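Structural overview
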Amino acid sequence: MNILVLHGPNLHLLGKRQPEIYGHQTLADINATLDRNAAASPHEITLKISQSNHEGELVSIIGDNIDWADGILINPAAYTHTSVAIRDALSTVALPVIEIHLSNIYAREEFRHHSYISAVAVGVIGGFGTHSYTLALEAMIQILQKKLEPSV
Ligand code: CA2
């Protein structure tokens, strides 16, 4: 199983700024946990992980992996609330997508309550801090194994 993991803008600052909102773990810590969990899985899982502060670069990475990826985990960060381009890229590749958030976006400012991405995702996991990524990887593995049937 090939899983593309994408982190959106400013997430490279995790653990270095605003720990009261996003916690103390760094992006490198999150990636290391994902790699560890993938390696510990009984299934053969390859992760390709990228972070970008640029909308167009995220769009390109999604398109470039159309034939490689079996599924996509994405925390689009602020682009969640603004990006039709990332939504279109995700719907074009037609792979299972899980939208991830560290925070519970519905408990925050009103402008974070709308996501352009959710409608093209099989599901959304947020509010569990860095554990949101672990939960999302687990869900994606089950979806790709056809053990979990996403419900509409
Ligand atoms: O909760 C999430 O994961 C978010 O995607 C994080 C985004 C925010 O715009 C979304 O509404 C919810 C912000 C990511 C910025 O990350 C920072 C990390 C450390 C310091 C500053 C920003």
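Look above for the structure.
The text that follows walks through the structure, step by step, so that each part is easy to find. This one's a predicted model, so the numbers in the text were calculated from it and none came from an experiment. (Residues numbered from 1 in each chain as written. Predicted model: local features only at pLDDT ≥ 70, side-chain atom pairs only at ≥ 80, totals over all residues. Heavy atoms only, no water.)

**A look at the packing of helix α3 (residues 55-64) against helix α4 (residues 84-93)**
α4 packs onto α3 with a crossing angle of 0 degrees between their chain directions and a minimal axis gap of 9 Å. Comparing their axes, α4 and α3 come out roughly parallel. Residues Glu 55, Leu 58, Val 59 and Ile 62 of α3 pack against Ala 85, Ile 86, Ala 89, Leu 90 and Val 93 of α4. Looking at side-chain class alone, the contact of α3 with α4 contains eight nonpolar, no polar and one charged residues. (Axes fitted to C-alpha atoms, helices over the stretch in contact; angles between N-to-C directions. Helix = DSSP H or I, 4+ residues; strand = E, 2+ residues; numbered from the N terminus. Parallel < 35°, antiparallel > 145°, perpendicular 65-115°, else oblique. Contact = heavy atoms within 4.5 Å. Nonpolar A, V, L, I, M, F, W, Y, C, P; charged D, E, K, R; others polar.)

**Concerning the packing of aromatic side chains**
Evaluated as defined, the whole model comprises zero aromatic pairs. Above the face of the Trp 68 ring, Lys 48 is positioned so that its terminal group lies 4.4 Å from the ring centre. (Phe/Tyr/Trp six-rings, centres within 6.5 Å; stacked < 30°, edge-to-face > 60°. Lys NZ or Arg CZ within 6 Å of the ring centre and 35° of its normal.)

**Quick word on the pattern of salt bridges**
Per the stated rule, a full pass over the model turns up two salt bridges. A salt bridge links Glu 109 to Arg 108; its shortest N-O distance comes to 3.9 Å. With relative accessibility at 36%, the residue Glu 109 sits in the partly exposed group. Taking the shortest distance from any N to any O, the salt bridge between Glu 109 and Arg 112 comes out at 2.7 Å. Relative accessible area serves as the criterion here: at 17%, Arg 112 is assigned to the buried category. Here the salt bridges share partners, and the residues they tie into one network are Arg 108, Glu 109 and Arg 112. (Salt bridge = Lys/Arg side-chain N within 4 Å of Asp/Glu carboxyl O. Buried < 20%, exposed > 50% of the residue type's maximum accessible area, 1.4 Å probe, protein only.)

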